[in-house]
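Next come the chains, spelled out residue by residue.
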Amino acid sequence: MKRISKIKLTGFSLVEMMVTLVISISLIMLGVVQLGTYQDQLILNNTTKEVKSSIEQAARVCTIRHQAIMINYYPVSKRIALIGKNYSRQIKLDSQIEVYNLTSLKISAKGSISPQTITITNHKSSQKIKLQMMWGRAIDGKD
């Protein structure tokens, strides 16, 4: 009678496979959460830059054309309107974004703005734009 030798098979047991699967899924989920946080911060940064540059551009237009421009924020429709005699610009905001201290802001015909701070937030973090009087030059605030 011939003896059949046992071949030893190596591999993962069911428990080892489950532990590996749980660790892999945990790492993937951590990456997804971090990606969402990064995306929210990116939207906030880009919105702040767009609002700041739009106000600066409007101030330059006021200076060149000697015409005043009104800036209004409409929270329900999530948009900012910059309206002058021959100037109109709309900024559509992301649904997460809120803007504070930007109601009926007027840029004079000389491009000056009364000093104020505009706050832009996504309810997790916020950024501020500080506006100075002459030429409507905006400066980023870190708070």
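By convention here, each chain's residues receive numbers from 1 onward along its written sequence. This being a predicted model, a pLDDT of at least 70 is required before a residue's local features are given, and a value of 80 or more before pairs of side-chain atoms are given or counted; all residues contribute to the totals for chains, interfaces and linings. The side-chain figures draw on all heavy atoms in the structure; neither hydrogens nor water molecules are used.

**A short note on the pairing of strand β2 (residues 79-84)**
One face of the sheet, then the other: side chains in a regular strand alternate in exactly this way.
Then comes step 1: Here 6 bridges tie strand β1 (residues 69-74) to β2, and the two strands are oriented antiparallel to one another. Across the sheet, the residue bridging to Tyr-73 is Ile-80, located in β2.
Then comes step 2: Note: two strands are recorded as paired if DSSP finds a minimum of 2 bridges between them. Comment: elements are numbered from the N terminus, with helices defined as DSSP H or I runs of at least four residues and strands as E runs of at least two. If you look at the hairpin formed by β1 and β2, you'll find 4 residues sitting between the two strands, and Lys-78 has a positive phi there, around 55°.
Then comes step 3: Across 5 bridges, the pairing between β2 and strand β3 (residues 88-92) is antiparallel. In the strand pairing of β3, Leu-82 is matched with Arg-89.
Then comes step 4: Turn length for the β2-β3 hairpin, with the two strands adjacent in sequence and antiparallel, is 3 residues.

**Quick word on the pattern of salt bridges**
Then comes step 1: Any Lys or Arg side-chain nitrogen located within 4 Å of an Asp or Glu carboxyl oxygen qualifies as a salt bridge. Counted by the stated rule, this structure contains 2 salt bridges.
Then comes step 2: A salt bridge links Lys-78 to Glu-98; its shortest N-O distance comes to 2.3 Å. Of this pair, Lys-78 sits in the loop between β1 and β2 while Glu-98 is found in strand β4 (residues 98-100), placing the two residues 20 residues apart along the sequence. The pair Lys-78 / Glu-98 is uniform in exposure class, with both members buried. The classification of residues rests on relative accessible area computed with a 1.4 Å probe and restricted to protein chains. Under 20% of the type maximum is buried, over 50% is exposed, and intermediate values are partly exposed.

**What about the nonpolar core?**
Then comes step 1: For the purposes of this section, nonpolar cores are sets of buried Ala, Val, Leu, Ile, Met, Phe, Trp, Tyr and Cys residues that join through side-chain atoms within 4.5 Å. Counting 25 residues, the largest nonpolar core has Ile-80 and Val-99 as the members making the most contacts within it.
Then comes step 2: For this core, the elements supplying multiple residues, two or more each, are α1 (14-65), β1, β2, β5 (105-107), β6 (116-121) and β7 (126-131).
Then comes step 3: Examining the composition of this core, we find that 7 residues originate from one element, α1, more than from any other.

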